[in-house]
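Fold and geometry: a report
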Amino acid sequence: MTKQGRFLVVEGLEGAGKSTAIQTITDWLQQQGVQLVSTREPGGTPLAEQIRSLVKEVQAEHLTPEAELLLMYAARVQLLRNVIEPALARGDWVLADRHDMSSRAYQGGGRQLSSQLIDGIRQAVLGPCRPDLTLYLDIDPAEGLARAQARGELDRIEREQLAFFERTRAVYLAIAAEEPNVVVIDAGQPLAVVQQSILTELDHFWKTTHAALA
Ligand code: TMP
């Protein structure tokens, strides 16, 4: 097997089924003999995990949208430089639970921050490293939130109004329509169908990747 790493991302609203999807993808990649590094955002390094707690916990002080955006990118750049880029440089694959698309969707759509502001920060901190494939699990926000509620107490972001998640979803879909390496998976389908769609996309990606490397 060739030692060329790939960067895969799973995205979606709360309750879209990211964790199950990530387990399916992990099992499949391990069967192919891939050396896999798994990450989550915000988080994935000790310092970035502290930022995760900060943004997820309900705070007495209002966290401004701009501060929230900067915290997401602070966590991201820690993870990118200290974990993701070194893993890809070694030839490992990276499977990420959320990445940059989340900030564009949640802070750009949900919080309605300008794309100019977000793009400026992205340009300044991300560097050239981009996902090779993003699977966006698309769910109706009301359905996703009902699933998240059934899991237990809601965090600071999960407590937002439905309209926040509708705007977030709209940006997710708009990005997916524009960017060729983002694939939309209909996560409202029965679990077995969702799993099969994910495996079909992965198999296609795997074959394309290996054809390109041959
Ligand atoms: P989750 O990993 O359990 O989905 O929680 C992460 C939360 O943080 C989720 O509500 C989405 C939100 N988020 C943003 O708002 N912007 C971001 O850039 C990232 C990575 C996550």
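Residues numbered from 1 in each chain as written. Predicted model: local features only at pLDDT ≥ 70, side-chain atom pairs only at ≥ 80, totals over all residues. Heavy atoms only, no water.

1. Some points on helix 4 (residues 100–110)
Of all eleven residues in helix 4, eleven are buried, a share of seventy percent or more. Looking only at helix 4, the buried set comprises Asp-100, Met-101, Ser-102, Ser-103, Arg-104, Ala-105, Tyr-106, Gln-107, Gly-108, Gly-109 and Gly-110. At its buried positions, helix 4 is contacted by strand 1 (7–12), helix 3 (65–90), helix 5 (115–125), strand 4 (133–138), helix 7 (162–178) and strand 5 (182–186). One or two residues past the end of helix 4 sits Gln-112, with phi positive at roughly 60°. (Buried < 20%, exposed > 50% of the residue type's maximum accessible area, 1.4 Å probe, protein only. Helix = DSSP H or I, 4+ residues; strand = E, 2+ residues; numbered from the N terminus. Contact = heavy atoms within 4.5 Å.)

2. Some words on the packing of helix 3 against helix 4
As a packed pair, helix 3 and helix 4 sit with axes 10 Å apart at the nearest point and diverge in direction by 175°. By the criterion of interaxial angle, the relationship of helix 3 to helix 4 is roughly antiparallel. Across the interface between the two elements, Glu-68, Leu-69, Met-72, Tyr-73 and Arg-76 of helix 3 pack against Asp-100, Ser-103 and Gln-107 of helix 4. (Axes fitted to C-alpha atoms, helices over the stretch in contact; angles between N-to-C directions. Parallel < 35°, antiparallel > 145°, perpendicular 65-115°, else oblique.)

3. Considering the packing of aromatic side chains
By convention here, two paired aromatic rings are described through the distance between centres and the angle between planes. Taken as a whole and assessed by the stated rule, the structure comprises seven aromatic pairs. Centroid distance Tyr-136 to Tyr-172: 4.5 Å. Interplanar angle 25°. Geometry classified as stacked. Here Tyr-136, found in strand 4, pairs with Tyr-172, found in helix 7; they are 36 residues apart in sequence, far enough to count as distant. Residue classification places Tyr-136 among the buried residues on the basis of a relative accessible area of 0%. The class of Tyr-172 is buried, set by a relative accessible area of 0%. Geometrically, the ring pair formed by Phe-164 and Phe-165 is edge-to-face, given 5.0 Å between the ring centres and 75° between the ring planes. Accessibility assignment for this pair places Phe-164 and Phe-165 in one class, buried. (Phe/Tyr/Trp six-rings, centres within 6.5 Å; stacked < 30°, edge-to-face > 60°.)

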